[in-house]
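Understanding the architecture of this molecule
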Amino acid sequence: MAHWQGNSSFDVFALPDEHTELRAVLRDLCEKQIAPYAAEVDEDSRYPDEALTALNAAGFSAMHIPDEYGGQGADAVAACIVIEEVARVCASSSMIPIANKLGTQGIVLRGSDEIKQQVFPSLASGEAMAAYALSEREAGSDAAAMRTRARADGDAWVLDGSKCWITNGGRATWYTVMAVTDPDKGANGISSFVVHKDDEGFTVGPTERKMGLHGSPTAELYFEKCRIPGDRIIGEPGTGFKTALTTLDHTRPTIGAQAVGIAQGALDHTIAYVKDRKQFGKTISQFQGVEFMIADMAMKIEAARLMVYSAAARAERGEEKLGFIASASKCFASDVAMEVTTNAVQLFGGAGYTRDFPVERMMRDAKITQIYEGTNQIQRVVMSRALLR
Ligand code: COS
């Protein structure tokens, strides 16, 4: 019989100390420098400038940028902890690190050293932000049906078309843009490019009026004979769709992290409220119906958090087949966030339906996590394909 060598330190499922310390630093920063503005940012649909300043000053806007390009080379779990903690107080502000990672992950994975040199130092310093442009009006879930074209012209690429629902549209300096280079090859005729905000022929449309995430601009992008240098292609022509999907394998857990953060924020406010609110001569936290709701909310958040960290850790380890766990973590965590924030509003009662308390904003913000970076129906397509192929 084989002898099993147990791990007596029991640290198999514990976060390393540096991650616990990172969370403590973020908790303090977010409570002091981001939370006080969250309601106003939402109410006025304005950019969370205070959050951007605070995250840039502390080096948390794009922690994943590798050391050799001036960044901190933070691992994927650390990136999730940053996003989770910011989202706990202000989901709009958490779009800063989320969009920066989404807009650069393809370059991290497949970009040339020249592109990295052009893009990364400005992200690492906080001077620039990034965006990811895959979706089009008629190509949302069916992303490969995109129509934006890119043609080689001498030693340049010329882009024509438009993209929509682009987070950071108008705020980003660098845009990762997927476009068709060979229409006869379907998904394998799509390439990935980097467009700079000042490139000739590139413009940004008006921002969308959204249900939530009011502090995060979402816009259309237009390319009219937009000319970019030839070296701004990511990888080889025809590999862009795969780069785009591999990117999502790495970034869907960050949406899971955002969802966990929103849910945790709602739970924390709800626990404080039910312990304070009195009806029938006692706090409502003393009613078993309320106790059980709180227990369920916390239980589901904990499960979602573990799945998100597991997905991020597997991406960090360079595991090949990330599709199932990346989609599962995003899908599960976002469904949990929707359920938890809805129940938070319920437990606040009439007060929860007003803008005087943050749970109403959190419920609106949670909804998008079930939709973007692939609807939860698409996540189930990805998961079932991974299981059944
Ligand atoms: N990583 C790398 N390559 C992948 C991949 C992945 N995770 N998933 C699929 N591919 C490859 C396939 O192997 C195929 O290549 P080959 O033809 O060489 O085998 C190619 O990419 C096309 O894949 P597939 O045929 O599965 O593509 P579909 O058009 O059927 O679409 C889905 C696949 C639905 C999964 C994809 O369109 C998707 O994720 N849609 C949602 C998009 C989205 O999340 N949008 C949100 C906006 S981004 S914020």
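Residues numbered from 1 in each chain as written. Predicted model: local features only at pLDDT ≥ 70, side-chain atom pairs only at ≥ 80, totals over all residues. Heavy atoms only, no water.

**Here we look at the overall build of the protein**
- Broken down by element type, the protein carries 10 helices and 10 strands.
- Against the 2.2 N^0.38 benchmark of 21 Å for 389 residues, the protein shows a C-alpha radius of gyration of 21 Å, consistent with a compact globule.
- Taking the principal axes of its C-alpha atoms as reference, the protein extends roughly 80 × 65 × 40 Å.
- Burial statistics for the protein: of 389 residues in total, 53% are counted as buried.
- Partitioning the intrachain contacts of the protein with sequence separation of at least 6 by distance along the chain shows that 74% fall at a separation of at least 24.
- About 17,800 Å² of surface is accessible on the protein, with carbon and sulfur atoms providing 53% of the total. (Helix = DSSP H or I, 4+ residues; strand = E, 2+ residues; numbered from the N terminus. Rg over C-alpha atoms; globule rule 2.2 N^0.38 Å. Buried < 20%, exposed > 50% of the residue type's maximum accessible area, 1.4 Å probe, protein only. Contact = heavy atoms within 4.5 Å. Areas by Shrake-Rupley, 256 points an atom, 1.4 Å probe, with all protein chains shown as cover.)

**A closer look at helix H4 (residues 91–110)**
- Taking 1.5 Å per residue as the helical rise, H4 with its 20 residues ought to reach 28 Å, and the 29 Å between its terminal C-alpha atoms agrees with that figure.
- Most pronounced at threonine 104, the bend in H4 amounts to some 40 degrees.
- Counting buried positions along H4 gives 17 out of 20 residues, so the element sits mostly inside the fold. (Expected span 1.5 Å × (residues − 1). Bend = angle between axes of the 7 residues up to and from the residue.)

**Some details on the environment of arginine 227**
- Turning to its location among the elements, arginine 227 is positioned in strand E7 (residues 218–229).
- Put simply, arginine 227 and alanine 311 are 84 residues apart on the chain and 38 Å apart in space, counted from C-alpha to C-alpha.
- Each residue touching arginine 227, except ones within four places of it in the same chain, is listed here: Asp153, Ala156, Trp157, Val158, Asp199 and Glu200.
- In this structure the side chain of arginine 227 is engaged in a polar contact, spanning 2.8 Å, whose partner is the side chain of aspartate 153. (Polar contact = N/O pair within 3.5 Å; in protein donor to acceptor, adjacent residues only side chain to side chain.)

**Describing the UniProt feature "domain: Acyl-CoA dehydrogenase/oxidase C-terminal" (unreviewed entry) in the protein**
- The residues that UniProt annotates with the feature "domain: Acyl-CoA dehydrogenase/oxidase C-terminal" (unreviewed entry) are residues 238–388.
- In residues 238–388, the share of helix is 77% and the share of strand is 3%. The end C-alpha atoms are 27 Å apart. (UniProt positions renumbered as here; feature names shortened; annotations may be inferred.)

**Thoughts on the site of the ligand**
- The local shell around the ligand holds 20 residues, among which Ser141, Lys242, Asp249, Arg252 and Arg385 are the closest.
- Note that a nitrogen atom of the ligand is positioned 2.9 Å from one of the side-chain N or O atoms of aspartate 249.
- Two domains share the shell around the ligand, each providing at least three of its residues, namely domain 2 (131–237) and domain 3 (241–388). (Near = heavy atom within 4 Å. Domains from an automatic or database assignment.)

**Digging into the nonpolar core**
- With 64 residues, the main nonpolar core has Leu22, Ile34 and Phe60 as its most contacted residues.
- Taken together, domain 1 (14–129) and domain 3 (241–388) each give at least three residues to this core, which thus spans both.
- Residues Ala133, Trp157, Val195 and Phe223 belong to the second largest nonpolar core, which totals 18 residues. (Core = buried A, V, L, I, M, F, W, Y, C linked by side-chain atoms within 4.5 Å.)

**A short note on the packing of helix H3 (residues 76–89) against H4**
- At a minimum axis separation of 6 Å, H3 and H4 run at an interaxial angle of 155 degrees. Classified by the angle their axes make, H3 and H4 are roughly antiparallel. Here H3 contributes Ala76, Ala79, Val82, Ile83, Val86, Ala87 and Val89 to the contact with H4, which in turn contributes Ala91, Ser93, Ser94, Pro97, Ile98 and Lys101.
- The class makeup of the residues in the contact of H3 with H4 is 10 nonpolar, two polar and one charged. (Axes fitted to C-alpha atoms, helices over the stretch in contact; angles between N-to-C directions. Parallel < 35°, antiparallel > 145°, perpendicular 65-115°, else oblique. Nonpolar A, V, L, I, M, F, W, Y, C, P; charged D, E, K, R; others polar.)

**Some details on unusual backbone geometry**
- A positive phi angle is found at asparagine 168, which is not glycine, with a value near 75 degrees.
- Asparagine 168 sits in the buried class, given a relative accessible area of 3%.
- We note that leucine 213 has phi near 45 degrees; this positive angle belongs to a residue other than glycine.
- Among the secondary structure elements, leucine 213 is positioned in the loop between strand E6 (202–207) and E7.

**A look at the UniProt feature "domain: Acyl-CoA oxidase/dehydrogenase middle" (unreviewed entry) in the protein**
- Listed under "domain: Acyl-CoA oxidase/dehydrogenase middle" (unreviewed entry) in the UniProt record, and renumbered for this structure, are residues 131–226.
- Secondary structure content for residues 131–226 is 0% helix and 51% strand, and the end C-alpha separation is 17 Å.

**Side note on the side chain of threonine 218**
- Among the structural elements, threonine 218 can be located in strand E7.
- Since its relative accessible area comes to 8%, threonine 218 is described here as buried.
- A distance of 3.0 Å separates polar atoms of two side chains, one belonging to threonine 218 and the other to lysine 210.
- What threonine 218 contacts, discounting residues up to four positions off in sequence, is Trp165, Ile166, Pro206, Thr207, Glu208 and Lys210.

**Looking at the environment of alanine 298**
- By secondary structure assignment, the location of alanine 298 is in helix H7 (residues 288–316).
- The class for alanine 298 is partly exposed, based on a relative accessible area of 33%.
- For the pair alanine 298 and alanine 58, spaced 240 residues apart in sequence, the C-alpha separation works out to 30 Å.

**Some remarks on helix H6 (residues 240–276)**
- Between its terminal C-alpha atoms H6 stretches 54 Å, which fits the 54 Å expected from 37 residues at 1.5 Å a residue.
- Approximately 35 degrees is the largest bend angle found in H6, and it occurs at histidine 250, with the proline proline 253 only one to four residues beyond.
- Judged by how many residues are buried, H6 sits mostly within the fold: 28 of 37 residues are covered.

**Looking at the pattern of salt bridges**
- In this structure the tally under the stated criterion is 26 salt bridges.
- Linking aspartate 199 and arginine 232 is a salt bridge whose minimum nitrogen-to-oxygen distance equals 2.9 Å. Of this pair, aspartate 199 sits in the loop between strand E5 (190–196) and E6 while arginine 232 sits in the loop between E7 and strand E8 (233–234), and the two are 33 residues apart along the sequence. The same class applies to aspartate 199 and to arginine 232, which are both buried.
- Between glutamate 319 and arginine 317 there is a salt bridge, with its nearest N and O atoms 3.1 Å apart. (Salt bridge = Lys/Arg side-chain N within 4 Å of Asp/Glu carboxyl O.)

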